[in-house]
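Structural overview
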Protein chains: 2
Amino acid sequence: MNSGPDTDAARGEPGPALDEPSDELVVDVFARHCSSRAALEDVGSKWGILAMLALGEGSYRFNALRRRVEGVSEKMLSRTLQILERDGLLVREVISTIPARVEYSLTPLGERVAAQLRVLADLFEASAADISRARADFDTSRRA
Amino acid sequence: MNSGPDTDAARGEPGPALDEPSDELVVDVFARHCSSRAALEDVGSKWGILAMLALGEGSYRFNALRRRVEGVSEKMLSRTLQILERDGLLVREVISTIPARVEYSLTPLGERVAAQLRVLADLFEASAADISRARADFDTSRRA
DNA sequence: CGGAATCCAGAAGGATACTG
DNA sequence: CAGTATCCTTCTGGATTCCG
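This report concerns the structure included in the present document. (Residues numbered from 1 in each chain as written. Chains lettered and ligands numbered in written order. Predicted model: local features only at pLDDT ≥ 70, side-chain atom pairs only at ≥ 80, totals over all residues. Heavy atoms only, no water.)

Some thoughts on the overall build of chain A
Spelled out, the test is: The secondary structure listing takes helices from DSSP runs of H or I that are at least 4 residues long and strands from runs of E that are at least 2 residues long, numbered from the N terminus. Residue burial is assigned from relative accessible area. The probe radius is 1.4 Å, only protein chains are included, and a residue is buried under 20% of its type maximum, exposed over 50%, and partly exposed in between. Here, two residues are considered to be in contact whenever any of their heavy atoms come within 4.5 Å of each other.
Secondary structure summary: chain A contains six helices and three strands in total. Counting from the amino terminus, helix and strand elements in chain A follow one another as α-α-β-α-α-β-β-α-α. The buried share among the 144 residues of chain A stands at 40%. Of the contacts formed within chain A by residues at least 6 apart in sequence, a portion of 39% connects residues at least 24 apart.

Dropping the structure here:
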């Protein structure tokens, strides 16, 4: 599948520096230091997917979003939203009323990502029964 | 954006039992005890996405897959593959040669999931530059 | 209301060694 | 080759408290 020998040098990196994030922009999700891989991990994180899916339905205020995403704590929702904002997937708008309100909504890029996640989520929801059965089968056949 | 008041009762759940995994199959990724949400987390995990993407390219043997997914340890790849197999997304086939070989390939469901992940990955790869810039902007404006 | 700060248990994850 | 086992470190994530 992948050509070349097993050595580390087969990756094509000239220098010995494996951990320094080079200046050139690598665009390959399989590469360690690729912003697309990092963003993929941010979105794919435990709460990232659900936050994006929820915002795909429209704008939400913090606590409304917290209720929509069942089980998320304030801290994790807050952290997740910051990360997604940093990646340019959503925008945080402070509405200076008293008490203050904060609206979260997707950017154009975020909308496109959320749309794809929706397709993925639909796929899983449609297969929920299959997955449950596969798990049950796996667990029983393994106990034997 | 979401109708209804802000109370917790707005979720429509009748009983107080929020943590007992009921017998009936819930099909809503936002619900805590939904197998589709769980599977979504399995796939979305750090190595799950990359493993699925790689296998979307075709079958891989363990170490070939390990080389394809840059940075994964033996332990985590092994664990990830077990989880994905349990969800019915891939199959593990032992070829009894000496030394033994093990081929991993996607199930029909896995193929469909991988195809969607590919679309998502392409989206991120195409936006890698935007994301990098968004991050840089966010980080600098935050330091000020 | 919308967080940030702190504490803490448990899970994730890496390195290494060993097995079939 | 394809893992498993062990140890150890880091990170995740929940509960709680406090602030503007």
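Thoughts on the protein's contact with DNA strand D
Our working rule: Proximity is defined per residue: if any heavy atom of the residue lies within 4 Å of a molecule or strand, that residue is considered near it. Nitrogen and oxygen atoms within 3.5 Å of one another constitute a polar contact, given that in protein one can donate a hydrogen and the other can accept it, and given that sequence-neighbouring residues count only through two side-chain atoms. Side-chain classes are defined by residue name, with Ala, Val, Leu, Ile, Met, Phe, Trp, Tyr, Cys and Pro counting as nonpolar, Asp, Glu, Lys and Arg as charged, and the others, Gly among them, as polar.
Residues in contact with DNA strand D amount to 20 residues; listed here are only the nearest, A:Lys75, B:Arg61, B:Ser78, B:Arg92 and B:Tyr104. Sugar and phosphate atoms constitute 64% of the interface atoms of DNA strand D, taking the interface as everything within 4 Å of the protein. Take B:Arg61: an N or O atom from its side chain is 3.0 Å from a phosphate oxygen of DNA strand D. Measuring from a phosphate oxygen of DNA strand D, one finds a side-chain N or O atom of B:Ser78 at 2.6 Å. When residues in the surface near DNA strand D are grouped by element, the largest group, four residues, is from helix α4 (residues 74–86) of chain B. Across the surface near DNA strand D, the residue classes break down as seven nonpolar, five polar and eight charged.

Some points on the pairing of strand β3 (residues 101–106) of chain B
Residues and elements named next belong to chain B. To keep things clear, this is the line we draw: For two strands to pair, DSSP has to find at least two bridges joining them.
Here two bridges tie strand β1 (residues 60–61) to β3, and the two strands are oriented antiparallel to one another. If you follow Tyr60 over to β3, its bridge partner there is Tyr104. Examined bridge by bridge, strand β2 (residues 90–95) and β3 share six bridges and lie antiparallel to one another. Paired with Glu93 across the bridge in β3 is Glu103.

Quick look at the sheet that holds strand β3 (residues 101–106) of chain A
Residue and element names in this part refer to chain A. Operational definition: Here the axes come from fitting lines to C-alpha atoms, over the contacting stretch only for helices, and the angles between their N-to-C directions go from 0 to 180 degrees.
Strand order across the open sheet formed by three strands is β1-β3-β2, with antiparallel pairing between neighbours. In this open sheet, the two edge strands, each paired with only one partner strand, are β1 (60–61) and β2 (90–95). Together, β1, β2 and β3 form the strand contacts of helix α2 (residues 48–56), whose direction differs from that of β3 by roughly 90°.

Notes on helix α2 (residues 48–55) of chain B
The buried fraction of α2(B) amounts to eight of the eight residues, a majority that puts the element mostly inside the structure. Buried residues of α2(B): B:Gly48, B:Ile49, B:Leu50, B:Ala51, B:Met52, B:Leu53, B:Ala54 and B:Leu55, and no others.

Digging into the packing of aromatic side chains
For clarity, the threshold we go by: For Phe, Tyr and Trp, where Trp contributes only its six-membered ring, two rings pair if their centres lie within 6.5 Å, and the inter-plane angle classes them as stacked under 30 degrees, edge-to-face over 60, or tilted in between. The rule is short: NZ of Lys or CZ of Arg within 6 Å of the ring centre and within 35 degrees of the ring normal puts a charge over the ring.
Counted by the stated rule, this structure contains zero aromatic pairs over all chains. Stacked on the ring of B:Phe30, the Lys or Arg A:Arg68 has its end atom at 3.9 Å from the ring centre.

Quick word on the protein's contact with DNA strand C
In the region of DNA strand C, 19 residues are neighbours, and A:Arg61, A:Ser78, A:Arg92, A:Tyr104 and B:Lys75 sit closest. The sugar-phosphate share of atoms of DNA strand C within 4 Å of the protein amounts to 62%. Backbone polar atom of A:Asn63 to a phosphate oxygen of DNA strand C: 3.2 Å apart, as the coordinates give it. B:Lys75 places a polar side-chain atom, nitrogen or oxygen, 2.3 Å from a base oxygen of DNA strand C. Going through the elements one at a time, α3 (62–68), α4 (74–86) and β3 of chain A together with α4 of chain B are the ones with two or more residues in the surface near DNA strand C. Residue contributions to the surface near DNA strand C peak at four residues, all from α4(A). Grouping the amino acids of the surface near DNA strand C by side-chain chemistry returns seven nonpolar, four polar and eight charged.

Things to note about the packing of helix α1 (residues 35–44) of chain A against helix α5 (residues 108–126) of chain B
The condition is simple: Relative orientations are named as follows: roughly parallel for angles under 35 degrees, roughly antiparallel for angles over 145 degrees, roughly perpendicular for angles from 65 to 115 degrees, and oblique for any other angle. The sense of a crossing depends on the near helix, which, turned anticlockwise from the far helix by less than a right angle, makes the crossing left-handed and, turned clockwise, makes it right-handed.
As a packed pair, α1(A) and α5(B) sit with axes 8 Å apart at the nearest point and diverge in direction by 130°. The orientation of α1(A) relative to α5(B) falls into the category oblique. Crossing handedness for the pair α1(A) and α5(B): right-handed. Contacts between α1(A) and α5(B) involve A:Ser36, A:Ala39, A:Leu40 and A:Val43 from the former and B:Leu120, B:Ala121, B:Phe124 and B:Glu125 from the latter. For the contact of α1(A) with α5(B), the residue count by class is six nonpolar, one polar and one charged.

Things to note about the nonpolar core
Put simply, the rule reads: In these notes, a set of buried Ala, Val, Leu, Ile, Met, Phe, Trp, Tyr and Cys residues joined through side-chain atoms within 4.5 Å is what counts as a nonpolar core.
Counting residues in hydrophobic clusters, the biggest one holds 70 residues, and the most contacted among them are A:Leu53, A:Val113, A:Phe124, B:Leu53, B:Val113 and B:Phe124. Every residue in contact with A:Val113, bar those within four places of it in the chain, is listed here: A:Val43, A:Met52, A:Leu89, B:Leu120, B:Leu123 and B:Phe124.

Comments concerning the relation of the copies chain A and chain B
Here is the rule: When the copies are superposed, the least-squares fit draws on C-alpha atoms of residues that have pLDDT of at least 70 in both.
Note on the copies: chain A fits chain B at an RMSD of 0.1 Å, the axial shift is 0.0 Å, and the rotation between them is 180°. Within this description, the copies of the chain are treated as partners about a two-fold rotation axis. For chain A, the residue whose C-alpha comes nearest the rotation axis is A:Gly44, separated from it by 2.2 Å. A share of 98% of the interface residues of chain A reappears at the interface of chain B, consistent with the copies meeting face to face through the same patch.

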